Amino acid sequence: MRISVIGCGYLGAVHAACMAKLGHDVVGIDVDERKIAELSQAIAPFYEPGLESLLRDVQDTGRLSFTTDMSAASGSEVHFICVGTPQKKGENGADMTFVDAAVLGLLPYLSPENIVVGKSTVPVGTASRLADLVKAQEHTAHLVWNPEFLREGHAVSDTLSPDRLVYGVSDGSEDHPAVAVLDEVYASALSNGSPRLVTDHPTSELVKTAANSFLATKISFINAMAEVCEAAGADVTLLADAIGMDDRIGRKFLNAGIGFGGGCLPKDIRAFMARAGELGADQALTFLREVDAINMRRRSRVVELTREVCGDILLGQRITVLGAAFKPESDDVRDSPALSIAAQLQLQGAVVTVTDPKALTNAARRFPELHYEADLDRAISGADALLLLTEWQQYRDLDPYALAGSVASRRILDGRNILDAAKWRAAGWSYRGLGRP
Ligand code: UDX
């Protein structure tokens, strides 16, 4: 099929490459010339495992091209809208400027029977509003909402083998003409067993926001338990293991630590609360305010714990922060709890060095006042305390015996509860986890 993908960020670039991999003819369109120039040379504009080799593979087939020219969408049967919906400045709601501009820009290039497929995370009600615009331009074209559930760091496999496909169509019916077209687009995933659900427009939009709210709630739940564990002298990691054995609860997303960040969960729960308020259903989501508050409290808690670890003083303490990205296998620092903690520590007088295998360029752009060191050994050397804040494999693998000689003081705060506490203590380190004795 001929497909256009509008917006070539995390979602769109991966989606375009994966659609070409599946055999479709794809054009990726974005207003950012630098991004398009890089993608055209099979360079990924951000770090995502497997993306660059996928771009190279599909580039050789000639099935994938990139451009800044929206008219290139003309001739495609299916048009995916993959632009961002960031949080509005100073407000909780989502900024719809990019989605609206993408759809308006696409309208002149629509042909009869075309399918416009929204993938961005949007406030409920957006799909029906945009469907009216599409119909007004080309009355035989359709708008479908097909939310994307990919996780950064696993984006390629999540796109090629999604755990579910949701098609939100205007009448919510299996017989809607867009359903057969999307089944063709996703034929490979469907034949490999990915389940698919056909819903109406608002349900499909809510599936995404509800899923992300649930995940955020799970993380904040276990972080709230971590607070209680700390007060009671209990161990939240064992608590999570034990409650996670109940398969109604499940162990996934019960890792207590410095909390969630990134470009999705924080802004999605806020946009959801804002939208529920507009709909007069704000009471239904007041618990998300608490989810957000618990999450933000983790950051100040780590600053306080660092002060404790350093003998009740931060001023002049040399602190090395291991990890800047909001999660491992990503160079994304949007709302990264690690960086926000590093910045707070520096404000309180600590001498902070941040290291990360992939995210330092983005981190330096966001927090230019922090000191960065790409070399792990140099970053650690002479530190008064280490803070493990993003669980990259190389930090999981750190050897407490080998490191003992390079730091000034053997103190480590494990913000992700991933190190073997007994091993670090045996090597003479003062070890602190979060929500652990
Ligand atoms: C999320 C959703 O998982 C994905 O389905 C959606 O499409 C986009 O938003 P992503 O932002 O890539 O994906 O990250 P995710 O893996 O969900 O992690 C989010 C944050 O939660 C990270 O900062 C991570 O470190 C944190 N987290 C995750 C925890 O603190 N504890 C956990 O147990 C799990």
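That block above? That's the structure.
Okay, so let's go over this structure. Worth saying up front: this structure is predicted, and the values here are computed from it rather than measured. (Residues numbered from 1 in each chain as written. Predicted model: local features only at pLDDT ≥ 70, side-chain atom pairs only at ≥ 80, totals over all residues. Heavy atoms only, no water.)

**A short note on the side chain of Arg-298**
Its place among the elements puts Arg-298 in helix α12 (residues 286-309). The contact partners of Arg-298, leaving out residues within four places of it in the chain, are Asn-223, Ala-226, Glu-227, Gly-257, Ile-258, Gly-259 and Leu-434. (Helix = DSSP H or I, 4+ residues; strand = E, 2+ residues; numbered from the N terminus. Contact = heavy atoms within 4.5 Å.)

**Focus on the pairing of strand β6 (residues 142-145)**
Alternating positions in β6 separate into two faces, His-142 and Val-144 on one and Leu-143 and Trp-145 on the other, with burial throughout. For strand β5 (residues 115-118) and β6, the ladder comprises four bridges, and the chain directions are parallel. Across the sheet, Val-116 pairs through a bridge with Leu-143, a residue of β6. In terms of handedness, the path from β5 via helix α5 (residues 126-137) over to β6 forms a crossover that is right-handed. (Buried < 20%, exposed > 50% of the residue type's maximum accessible area, 1.4 Å probe, protein only. Pairing = 2+ DSSP bridges. Right-handed = clockwise from strand over helix to strand, strands pointing away.)

**Some words on the nonpolar core**
Residues Leu-345, Val-354, Leu-387 and Trp-429 are the most contacted members of the largest nonpolar core, which totals 48 residues. Where this core is concerned, the elements lending two or more residues are α12, β9 (318-322), α13 (337-347), β10 (351-355), α14 (360-366), β12 (385-388), β13 (411-414) and α18 (421-426). The leading source of residues in this core is α13, at five residues. Leave out the neighbours within four places in its chain, and Leu-345 touches Val-303, Thr-306, Leu-314, Ile-319, Ala-350, Val-352 and Leu-387. In this structure, Tyr-10, Ala-16, Ile-115 and Val-156 belong to the second largest nonpolar core, which totals 44 residues. (Core = buried A, V, L, I, M, F, W, Y, C linked by side-chain atoms within 4.5 Å.)

**Observations regarding the pattern of salt bridges**
Summed over the entire model, instances satisfying the criterion amount to 24 salt bridges. For Asp-100, the salt bridge identified is with Arg-129, shortest N-O distance 3.0 Å. Note that Asp-100 is positioned in helix α4 (residues 97-106) and Arg-129 in helix α5, a separation of 29 residues in sequence. Notably, a salt bridge pairs Glu-308 with Arg-432, separated by 3.4 Å at the nearest N-O pair. With a gap of 124 residues between them, Glu-308 in helix α12 and Arg-432 in strand β14 (residues 430-432) connect regions that are remote in the sequence. The class for Arg-432 is partly exposed, based on a relative accessible area of 24%. (Salt bridge = Lys/Arg side-chain N within 4 Å of Asp/Glu carboxyl O.)

**Comments concerning the site of the ligand**
In the vicinity of the ligand there are 20 residues, among which Phe-149, Leu-150, Glu-152, Asn-255 and Arg-416 approach most closely. Residue Leu-150 places a main-chain N or O atom 2.8 Å away from an oxygen atom belonging to the ligand. Asn-255 is positioned such that a nitrogen or oxygen atom in its backbone is 2.9 Å from an oxygen atom of the ligand. Across the complex, the protein chains shield 92% of the 670 Å² of accessible surface that the ligand would expose by itself. (Near = heavy atom within 4 Å. Polar contact = N/O pair within 3.5 Å; in protein donor to acceptor, adjacent residues only side chain to side chain. Areas by Shrake-Rupley, 256 points an atom, 1.4 Å probe, with all protein chains shown as cover.)

**Thoughts on unusual backbone geometry**
With a phi angle near 60°, Phe-253 is a residue other than glycine that sits in the positive phi range. Look at Asp-335: it is not a glycine, yet its phi comes out positive at around 45°. You can see Asp-335 is positioned in the loop between β9 and α13.

**A short note on helix α7 (residues 177-185)**
Note on helix geometry: an α-helix contains 3.6 residues per turn, so any two residues three or four positions apart are oriented the same way. Considered for burial, the residues of α7 that qualify are Ala-178, Val-179, Leu-182 and Val-185. Down the axis of α7, the smallest arc covering the buried residues is 115°, so these residues share one side. (Arc of directions from axis to C-beta.)

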